[in-house]
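Residue-level structure breakdown
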Amino acid sequence: MRLVPATDGIPAGDLLEGLNDRQRDAVSSTEGPVLIIAGAGSGKTRVLTYRIAYLLRKGVHPSHILALTFTNKAAQEMKERISHLVGGPAARSMWAGTFHSIFARILRAHADRLGYTNAFTIYDSDDQLAAIKACMVQLGINQQVLAPSAVRSRISNAKNSMQSWQEFSRTAGTITDKQAGQIYQDYEKRLSQSNAMDFDDLLLNMIRLLEHHPDVLEHYHDRFRYLMVDEYQDTNRAQYRVVSLLAKKYRNVCVVGDDAQSIYGWRGAEIRNILDFERDYPEAKVVRLEQNYRSTKVILAAADSVIRNNRDQLKKTLWTDNAEGEKITVLGCRDDREEADLIVKTVTSRIASSGYSLKDVAILYRTNAQSQAIEEALRRSNTPYHIVSGVSFYKRKEVKDTLAYLRLIVNPADTESILRVINEPARGIGQTSLRALQEYAQKADVPLFSVLTNIEAVPGIQARTKTAVTNFVTLITNHQFLAQELSPASLAQSYIEATGLMQFYKLQDNDESLDRWNNIERVISHIAEQQELDETLTLAGYLEQISLMSEQDDPKLGTNRIAMMTMHAAKGLEFPLVVIAGMEQGLFPLGKTEVDPKQEEEERRLFYVGITRAREQLVLTYAQQRYRFGEISFSQPSRFLSELDKSCLTVSARPLTTTAAPPARQGYTTAPRPAAPTARLAGSPGQRSAPGTLPRAPRASDYMQTEPTETYSQMPTDDAILWRTGMRVRHPMFGVGSIVALSGVGSQAKATVHFANGQRKQLMLAFARLEVVS
DNA sequence: AGAGCGTCGCTTTTT
DNA sequence: GCGACGCTCT
């Protein structure tokens, strides 16, 4: 629904046309604190972007606006939409990004004030865990008794609520608490010695910076005169604190959120922040956006019937002018495999009957593990799909090793990275030596790297090991030097070659090691690509981008395939047809939520988020048994199903296995299925779900041809290009060349390319980002 | 020092 | 069902 022509040069007043009264109010209330309670589908993003555009049209300089979001995707979208409204240059010079990336940028500029250098490394949760384990080893704390991951979440929780290790230890009662406090203390020391910050530190250090350096605070007060915070219900105490600090002078702070969509409590988010806004800013203007433009009446009613079961909820009434819509289908299945097949069957038949195209469909689930069974079913039926998960590539061992090597160029003090790669590939620097070196570093109170550079001074290290260490140090320092003159991509290329990592995988020459080798190539190509997009890109900048990224860049956007993702990842998105799979006790709601009503409420809000992603049709499925942790487990339908308003539902308790049943999986039998226990769900168990048709305007996608002949996964198998020898191609790194030979088939297909610069390379077509040059 | 084998725990969700 | 980790053997 495009309400305002997105052209440049319209006066500010025209931005308000086509908005409803409440939206207009929210957009034009630019001065002073504003709280916008934005229900699902109420045009929140539009209001936010229009509000910024409105400010700009009023003459506010873009650099005086700061917009904080929760995900990169949201920030990206906001910038794009603003540049449509007011033009690219203005949009580019305003600051919009995630809390973490904006703060990282500010902290780099003032790192010296806090005792870091501006080359500081950002530790992800795996680095955190490695550091915590190392601390525990040094403290002699048994990891069987106290799980490192438990310590990590306790430290993170403490940091999120701005509790220092001193405070943490002071309030520690039990022995475990005291141990955790000790680990917290050592961990902090370890990170600062590594010139590293974890995610939580990006927030905490921002607070320290603003609180202890009045000149810096003053500077940012005048810099950011208008603050905007999206998804305010997901902010934690530390984020809240930064926002209050920044808003203190001008008090032009506008926060947008929906308490019903708060789903990050496990990460320290405080709904309290949104509930307390009016207390913090008594003069605040409160705007409620309650008209929903997204969903049918049925879907809204269903969502409302669920969320009503939560106690802690701001009262609001969502309504819509949209059509009544179709009832929600609930499908009971025998097991996860049948569930997957049924989802595919239902989706494909609705695509045929309702004129949807593949990209109109989303399959949502609670845990990533559930995607597997559904993926298989989609692949069997040759239905193109796309998994929004993103992180997995960067979690691979070889990718992490590569990045660790690169991080050491920028910040050699990074102990976690040293330990990760110093013997990868094996260089004869074993655990015994490493332990000695670390102990020495700790006693001398210096970073591990400086011990390595001065290895001769360390007693008790074998001569052979010393040579190996010296070579390792030289490898890094040499390339650090080279970094001055080479571009990030060329540097990475020669450096990673020199580490022996690629050679190591190449020599093994099996499918798996070749895969790993290719993944390393992909990282290097990726740097080359990014460098092409941004000529000023530095290696440090690239690494920061990677460490703060989520499922951001979405190469499959706009392609016609079914989307699969967790409900968390689906927040902020919408689809005409949504399937939510795995509606079972123990899976959704996940875990043992009976014991913790607060947790159950969060799960319920997550369900609310899932339901409200749907515009027209919603399908819910559950299975009586499914594979979990490698074995079959049995479960009851989710209690959330019974909370849904019965008048919204159509239930098919017995799945319709009209076509030949899939062959039974090994390990269990396909005995005749007993009637599903769904009598309490709705009045008509066993009724066939008949998808009716919701009248709607034809859209472009209706006429698009879909050819479900290829299988896609999240790995970059590009839409089939017919490669031929003699073809002219471009590689992001090596430039233009021509294909001189082809070998292998399918995912193993390789091309030998002769590049214009004289290089000859064999490249895996599935991975190398080759473009055809015409 | 490093390879090989067995055990354990694990899956929430993300910056 | 898989991967990370620890123990043992060479």
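Residues numbered from 1 in each chain as written. Chains lettered and ligands numbered in written order. Predicted model: local features only at pLDDT ≥ 70, side-chain atom pairs only at ≥ 80, totals over all residues. Heavy atoms only, no water.

For the rest of this paragraph, the subject is the overall build of chain A. Along its length, chain A carries 30 helices and 23 strands. Per-residue burial for chain A yields a buried fraction of 54% across its 774 residues. When contacts within chain A are restricted to residue pairs at least 6 apart in sequence, long-range pairs at least 24 apart make up 76% of them. Accessible area for chain A stands at about 34000 Å²; split by element, carbon and sulfur atoms hold 51% of it. (Helix = DSSP H or I, 4+ residues; strand = E, 2+ residues; numbered from the N terminus. Buried < 20%, exposed > 50% of the residue type's maximum accessible area, 1.4 Å probe, protein only. Contact = heavy atoms within 4.5 Å. Areas by Shrake-Rupley, 256 points an atom, 1.4 Å probe, with all protein chains shown as cover.)

Once that is clear, we can look at unusual backbone geometry. With an omega of 0°, the peptide bond running from E424 to P425 counts as cis. Among the structural elements, P425 can be located in the loop between helix 20 (415-421) and helix 21 (431-444). With an omega of 5°, the peptide bond running from F588 to P589 counts as cis. Within the secondary structure, P589 sits in the loop between strand 15 (575-580) and helix 29 (597-611). Not every positive phi belongs to a glycine, and R251 is a case in point at roughly 55°. With respect to the secondary-structure elements, R251 resides in the loop between helix 12 (237-247) and strand 7 (253-257). Within the chain, D445 stands out as a residue other than glycine whose phi angle is a positive 60°. Mapped onto the secondary structure, D445 falls in the loop between helix 21 and helix 22 (448-453).

In this structure, L403, L406, L437, L452, F472 and Y495 are the most contacted members of the largest nonpolar core, which totals 49 residues. Among the elements that make up this core, the one with the highest residue count is helix 19 (residues 397-410) (seven residues). Not counting residues up to four positions away in its chain, the partners in contact with L437 are L448, V451, L452, I455, V458 and I461. If you look at the next biggest cluster of nonpolar residues, it comprises 46 residues, including L203, L210, Y220 and L548. (Core = buried A, V, L, I, M, F, W, Y, C linked by side-chain atoms within 4.5 Å.)

Taken together, six strands build an open sheet; the order of strands is 3-2-6-7-1-8 and the sheet is parallel. If you trace the sheet from one side to the other, it starts and ends with strand 3 (95-98) and strand 8 (285-289), each paired once. Averaged over all neighbouring strand pairs, the angle between strand axes comes to 15°, with direction disregarded. Here three bridges tie strand 6 (residues 226-229) to strand 7, and the two strands are oriented parallel to one another. Bridging across to strand 7, M228 finds its partner in C254. Along the sheet, helix 1 (residues 21-28) makes contact with strand 1 (34-38) and strand 8, crossing strand 8 at roughly 145°. The sheet strands contacting helix 3 (residues 72-86) are strand 2 (65-69) and strand 3, and the helix crosses strand 3 at an angle near 155°. (Pairing = 2+ DSSP bridges. Axes fitted to C-alpha atoms, helices over the stretch in contact; angles between N-to-C directions.)

Looking now at helix 7 (residues 148-160). Owing to its 3.6 residues per turn, the α-helix aligns residues three or four sequence positions apart on the same side. Helix length check: helix 7, at 13 residues, gives a terminal C-alpha distance of 18 Å against a target of 18 Å (1.5 Å per residue), a fit within 8%. Every buried residue of helix 7 is listed here: P148, V151, I155, S156, A158, K159 and N160. Each element contacted by the buried residues of helix 7 is listed here: helix 6 (125-139), helix 8 (165-170), helix 9 (175-193), strand 5 (196-198), helix 10 (199-212) and helix 12. Positioned one or two residues after helix 7, M162 has a phi angle of 60°, which is positive. (Expected span 1.5 Å × (residues − 1).)

The next subject is the pairing of strand 2. The buried fraction of strand 2 is high, at five of five residues. Side chains I65, A67 and T69 project from strand 2 onto one buried face, and the interleaved L66 and L68 project onto a second face that is buried too. Relative to strand 6, strand 2 is paired through four bridges, and the arrangement is parallel. When the bridges of strand 6 are listed, A67 appears paired with M228.

Tallying each qualifying case throughout the model produces 48 salt bridges. Residue D230 is joined to K44 by a salt bridge in which the shortest nitrogen-to-oxygen separation is 3.3 Å. Here K44 lies in helix 2 (residues 44-57) and D230 lies in the loop between strand 6 and helix 12, a separation of 186 residues in the sequence. Across the salt bridge formed by R626 and E584, the nearest N and O atoms sit 2.5 Å from each other. (Salt bridge = Lys/Arg side-chain N within 4 Å of Asp/Glu carboxyl O.)

Take the protein's contact with DNA strand C next. As a matter of local geometry, DNA strand C sits amid K133, F629 and G630. The contact in question runs from a base oxygen of DNA strand C to an N or O atom on the backbone of F629, over 3.2 Å. (Near = heavy atom within 4 Å. Polar contact = N/O pair within 3.5 Å; in protein donor to acceptor, adjacent residues only side chain to side chain.)

What follows is about the packing of aromatic side chains. Overall, the coordinates contain 14 aromatic pairs when judged by the stated rule. Judged by centre distance (5.8 Å) and plane angle (85°), the rings of F99 and F103 are edge-to-face. Taken together, the residues span about one helical turn, with F99 and F103 both in helix 5 (residues 99-109) at a distance of four residues. The same class applies to F99 and to F103, which are both buried. On the numbers, 6.0 Å between centres and 90° between planes, the contact of Y405 with Y495 is edge-to-face. Taken as a pair, Y405 in helix 19 and Y495 in helix 24 (residues 488-499) lie far apart in primary sequence, 90 residues in all. Residue class for Y405 comes out buried when judged on its relative accessible area of 0%. Three or more aromatic residues link up through ring pairs in this structure, and these residues are F70, Y264 and W266. (Phe/Tyr/Trp six-rings, centres within 6.5 Å; stacked < 30°, edge-to-face > 60°.)

If you trace the backbone, I527 turns up in helix 26 (residues 511-533). You can call I527 buried: its relative accessible area is 0%. I527 has contacts with L406, P488, A489, A492, L537 and Y542, leaving out every residue within four places of it along the chain.

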